[in-house]
Amino acid sequence: MEQLITCINCPIGCRMTVDVEDGKVVSVTGNSCKRGITYAAQESIAPKRMVTAVVYVRGSRMPLSVKTSEPIAKKLIFPCMQAIKALMLEAPICMGDVVLRDVCGSGVDVVATKSIGTVPLTPEQA
Amino acid sequence: MCDAVSPQKVDVLIIGAGPAGLAAAIAAKEAGAESLLVLEREDEMGGILRQCIHNGFGLHRFKVELTGPEYAQRDVLRVHELGIDVRCGVTVLDVTSDRLVTAISKQAGLTRYQAGAVILAMGCRERPRGALAIPGTRCAGIFSAGTAQKFINLEGYMPGKKVVILGSGDIGLIMARRMTLQGATVLACVEIMPYSSGLNRNIVQCLHDYDIPLLLSHTVVDIHGRERLTGVTIAQVDHQRQPITGTETYVECDTLLLSVGLIPENELSKKADVPMNQATQGAVVDDSLQTDVPGIFACGNVLHVHDLVDFVSAESFKAGKAAAAYARGERRKGKMIRVLDGEGVRGATPQRIGLPQTDDEPEPIQVLFRPACVYENAVVRVLDGQKEIHRVKRRILAPGEMADLTLSPKLLGALSGQDITIHIDASEGVCAWNS
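Since the model is a prediction, treat every value here as computed from it, not as a measurement. (Residues numbered from 1 in each chain as written. Chains lettered and ligands numbered in written order. Predicted model: local features only at pLDDT ≥ 70, side-chain atom pairs only at ≥ 80, totals over all residues. Heavy atoms only, no water.)

Concerning the domain arrangement of chain B
Residue and element names in this part refer to chain B.
So, point 1. As assigned here, chain B comprises domain 1 (2-125 + 263-327), domain 2 (128-260) and domain 3 (336-431).
So, point 2. Just the C-alpha atoms count here: the centres of domain 1 and domain 2 sit 32 Å apart.
So, point 3. Of the residues lining the interface, 11 residues belong to domain 1; the matching set on domain 2 comes to 10 residues.
So, point 4. Surface buried jointly by domain 1 and domain 2 totals about 870 Å² across both partners, of which 52% is contributed by carbon and sulfur atoms.
So, point 5. When the buried surface of domain 1 facing domain 2 is broken down by residue, Gln 51, Ile 53 and His 54 rank first, second and third, together holding 56% of it.
So, point 6. At the boundary of domain 1 with domain 2, the tally comes to 0 salt bridges.
So, point 7. Applying the counting criterion to the domain 1 and domain 2 interface returns 3 residue pairs in polar contact (both at pLDDT 80 or more).
So, point 8. A per-class count over the side of domain 1 that touches domain 2 returns 4 nonpolar, 3 polar and 4 charged. (Domains from an automatic or database assignment. Contact = heavy atoms within 4.5 Å. Buried area = accessible area lost by both parts, 1.4 Å probe. Salt bridge = Lys/Arg side-chain N within 4 Å of Asp/Glu carboxyl O. Polar contact = N/O pair within 3.5 Å; in protein donor to acceptor, adjacent residues only side chain to side chain. Nonpolar A, V, L, I, M, F, W, Y, C, P; charged D, E, K, R; others polar.)

Structure below.
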């Protein structure tokens, strides 16, 4: 089966054609460098993306920004967003804290990308 | 009355605690500036990074992909470690060319500072609807992309459900994905140019991933709705960017996001009589990031709009170091030459470079610029007067990605003292776009 993939490694953005048979890459054409082949292989067989979002925190005026600790399967993006939207967290939360384990069975955690209600950000807020 | 109060003395005063201001502060402190003050208008440090919750920041500087808040936090922690005095909630009202800074805040009222050196790090602002001259009603539901980003990511509000995005700058692309993930339907991203000004990665991961059409050579020609936006009319444009009659299509939507460019926020720079560059809409600077007003430096998006925060930080480290040296009384000696925009080059920065002195080993100087259009297989040439002294081939150059050129110590040492010009030679390539 042939897939069309735009390479994201550099501004050239090569339009590559990837031929996949039985879950294996048979050929990649249209790339101008080796990085294209690696990307095309990953992208055609098991595309992955980081997911970032915000979560409400009880009593906090600002929501908390979160991310998946690693890229997850592209098809899990929307289920992952649903799981994240269902969260309601309690402060304090520290950057890097796991807020949701093994999201949608991906084996990947959702972690906080900022702190709320922990370390004062400026001396005046202390 | 306030004129009677004698201003507080500081060595280096930095305006803005976004990525540029924080990096400049860290570098100035590390370079030995004794009294250092950072003034920030918002309630927190971090600038625009606070609302950029997506990842992809820091690959060049930290060799890892961070989200905006994580990138900012690394600098915030360093600022705390160094004991740098950052005052949030303080708005700078005035800067004079002799570096008298007036600021106002709830806590301290009106305050004045006499700075040994000032670093301008105010960032940039989005181009608003008013700058576009789109006809139609002035209904609710029209936001700049960054405003929508702030609503969703910092305040937890969704600005709309059915969205059209005008302009394909990076913030617009990022918001197409963000709104989609948050449950909105993004109907199209409309770009007047025949190419996108956004990063390729964002076109793939924010539009293609969600089957959002990118309509190149199209624009919004009418806006409909009384109280709230009900729809927009989209039309194709010709080579002169004029709408083509007969191509109009009505698209029903409740939200229009504008991602049509960023403008450096230089109101304060102008008060200090800092000469501006027309192409960058930022200050004219030399290779130490000093403006034409002695002791006033500029870095980050207030100087020229960057694509990557990593380059903002790198530039700002240089500015911080140079400002600390200026505040100590060190002055640059020797002749300055100009760096001029040649064919196909817009806003080469720095606009001046100092000729190396006999007693110092020159450091390489990086010149950043925007290509005027898309070039394939182009040659970038550096001319010393009329003589070509350097050439590099580039597979692709596009306005959406800042290009760079490094002037090596050897090259700098051999300069004749005439102005240098940077050219993009398209004779071996074409000014085109392949989509």
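Section: the pairing of strand E3 (residues 24-29) of chain A
Residues and elements named next belong to chain A.
So, point 1. The pairing of strand E2 (residues 15-21) with E3 spans 5 bridges and is classified as antiparallel. Along E3, the bridge assignment pairs Asp 19 with Ser 27.
So, point 2. In sequence, E2 turns back onto E3 through a hairpin of 2 residues, with Asp 22 there showing a positive phi of about 50°. (Pairing = 2+ DSSP bridges. Helix = DSSP H or I, 4+ residues; strand = E, 2+ residues; numbered from the N terminus.)

Things to note about the sheet that holds strand E16 (residues 249-252) of chain B
Residues and elements named next belong to chain B.
So, point 1. Pairing within the open sheet is antiparallel, and its 3 strands lie in the order E14-E15-E16. On the outer flanks of this sheet lie strand E14 (218-224) and E16, each paired with one strand and no other. Neighbour-to-neighbour, the strand axes of this sheet turn through a mean angle of 30°, independent of strand direction.
So, point 2. Two strands pair when backbone bridges link them, and E14 and strand E15 (residues 231-236) are joined in this way by 6 bridges, in the antiparallel orientation. Along E15, the bridge assignment pairs Asp 222 with Thr 233. (Axes fitted to C-alpha atoms, helices over the stretch in contact; angles between N-to-C directions.)

Concerning unusual backbone geometry
Most peptide bonds take the trans configuration, and most residues that are not glycine carry a negative phi.
So, point 1. A cis amide bond links Ala 91 of chain A with the next residue in sequence, Pro 92 of chain A, at an omega value of 0°.
So, point 2. You can see Pro 92 of chain A is positioned in the loop between strand E8 (88-90) and strand E9 (98-100).
So, point 3. Omega for the peptide link from Thr 349 of chain B to Pro 350 of chain B comes to 0°, which places this bond in the cis form.
So, point 4. Summarising the element assignment, Pro 350 of chain B is placed in the loop between strand E21 (345-349) and strand E22 (352-354).
So, point 5. Phi at Ala 133 of chain B takes a positive value of approximately 60°, unusual for a residue other than glycine.
So, point 6. Within the secondary structure, Ala 133 of chain B sits in the loop between strand E9 (124-126) and strand E10 (142-144).
So, point 7. What makes Ala 133 of chain B exposed here is its relative accessible area of 70%.
So, point 8. Non-glycine residue Leu 289 of chain B carries a positive phi angle of around 70°.
So, point 9. Given a relative accessible area of 5%, Leu 289 of chain B falls into the buried group. (Buried < 20%, exposed > 50% of the residue type's maximum accessible area, 1.4 Å probe, protein only.)

A closer look at the domain arrangement of chain A
So, point 1. When cut into domains, chain A gives domain 1 (2-46) and domain 2 (52-125).
So, point 2. On a C-alpha basis, the centroid separation for the pair domain 1 of chain A and domain 2 of chain A is 32 Å.

Examining the sheet that holds strand E13 (residues 214-216) of chain B
Residue and element names in this part refer to chain B.
So, point 1. If you trace the 5 strands from one edge of the open sheet to the other, you get E10-E17-E11-E12-E13, paired in parallel fashion. Looking at which strands have only one partner, the edges of the open sheet turn out to be E10 and E13. Strand after strand, the sheet turns through a mean of 20° between neighbouring axes, direction not considered.
So, point 2. With 3 bridges joining them, strand E12 (residues 185-191) and E13 adopt parallel strand pairing. By the bridge assignment, Glu 191 is partnered in E13 with Leu 216.

A look at the state of the cysteines
So, point 1. All chains considered together, the criterion is met by 0 disulfides over all chains.
So, point 2. The thiol sulfur of Cys 33 of chain A is not disulfide-bonded, and the nearest other cysteine sulfur, from Cys 7 of chain A, lies at 6.3 Å.
So, point 3. Free of any disulfide, Cys 299 of chain B has its nearest cysteine sulfur in Cys 124 of chain B, 13 Å distant.
So, point 4. Of the residues examined, Cys 299 of chain B reaches a relative accessible area of 0% and is grouped as buried. (Disulfide = S-S within 2.5 Å.)

Points about the pattern of salt bridges
So, point 1. Using the criterion set out here, one finds 25 salt bridges over all chains in the structure.
So, point 2. Between Glu 43 of chain A and Arg 49 of chain A there is a salt bridge, with the nearest N and O atoms lying 2.7 Å from each other. Arg 49 of chain A matches Glu 43 of chain A in its accessibility class, with the two residues each being buried.
So, point 3. Linking Asp 419 of chain B and Arg 338 of chain B is a salt bridge whose minimum nitrogen-to-oxygen distance equals 3.0 Å. Separated by 81 residues along the polypeptide, Asp 419 of chain B in the loop between helix H8 (409-413) and strand E27 (420-425) and Arg 338 of chain B in strand E20 (residues 336-341) bring together distant segments of the chain.
So, point 4. Linked by salt bridges that have partners in common, Glu 43, Arg 49 and Lys 74 of chain A together with Asp 209 of chain B make up one network.

Regarding a nonpolar patch on the surface
So, point 1. Taken together, the side chains of Leu 93, Ile 104 and Leu 110 of chain B make up a nonpolar region of the molecular surface, amounting to roughly 230 Å² of accessible area.
So, point 2. By the secondary structure assignment, Leu 93 of chain B is in strand E6 (residues 90-95). (Patch = residues over 30% accessible without salt bridge, like charges linked within 9 Å, V, L, I, M, F, W, Y side chains within 5 Å. Areas by Shrake-Rupley, 256 points an atom, 1.4 Å probe, with all protein chains shown as cover.)

Observations concerning the packing of aromatic side chains
All names here are of chain B.
So, point 1. According to the stated counting rule, one finds 4 aromatic pairs over all chains in the structure shown.
So, point 2. Centre to centre, the rings of Phe 62 and Tyr 71 are 5.4 Å apart; their planes meet at 65°, and the pair counts as edge-to-face.
So, point 3. By relative accessible area, Phe 62 is classed as partly exposed at 22%.
So, point 4. Judged by relative accessible area, Tyr 71 falls into the buried class, the value being 0%.
So, point 5. Directly above the aromatic system of Phe 62 lies the positively charged group of Arg 74, at a separation of 4.7 Å from the ring centroid.
So, point 6. Against the face of Tyr 326 rests Arg 331, its NZ or CZ located 3.5 Å from the ring centre. (Phe/Tyr/Trp six-rings, centres within 6.5 Å; stacked < 30°, edge-to-face > 60°. Lys NZ or Arg CZ within 6 Å of the ring centre and 35° of its normal.)

Topic: the interface of chain B and chain A
So, point 1. With 38 residues of chain B at the interface, the matching set in chain A holds 34 residues.
So, point 2. Both faces combined, the contact of chain B with chain A buries some 3,100 Å², and carbon together with sulfur accounts for 57% of it.
So, point 3. The interface formed by chain B and chain A contains 3 salt bridges.
So, point 4. Between Lys 74 of chain A and Asp 209 of chain B there is a salt bridge; the shortest N-O distance is 3.2 Å.
So, point 5. Along the contact surface separating chain B from chain A lie 5 residue pairs in polar contact (both at pLDDT 80 or more).
So, point 6. Looking at the side of chain B that touches chain A, the elements that each hand over two or more residues are helix H2 (68-81), strand E5 (85-87), helix H3 (145-155), helix H4 (170-181), helix H5 (200-207) and strand E25 (387-397) of chain B.
So, point 7. In terms of residue class, the side of chain B that touches chain A is made up of 11 nonpolar, 15 polar and 12 charged.

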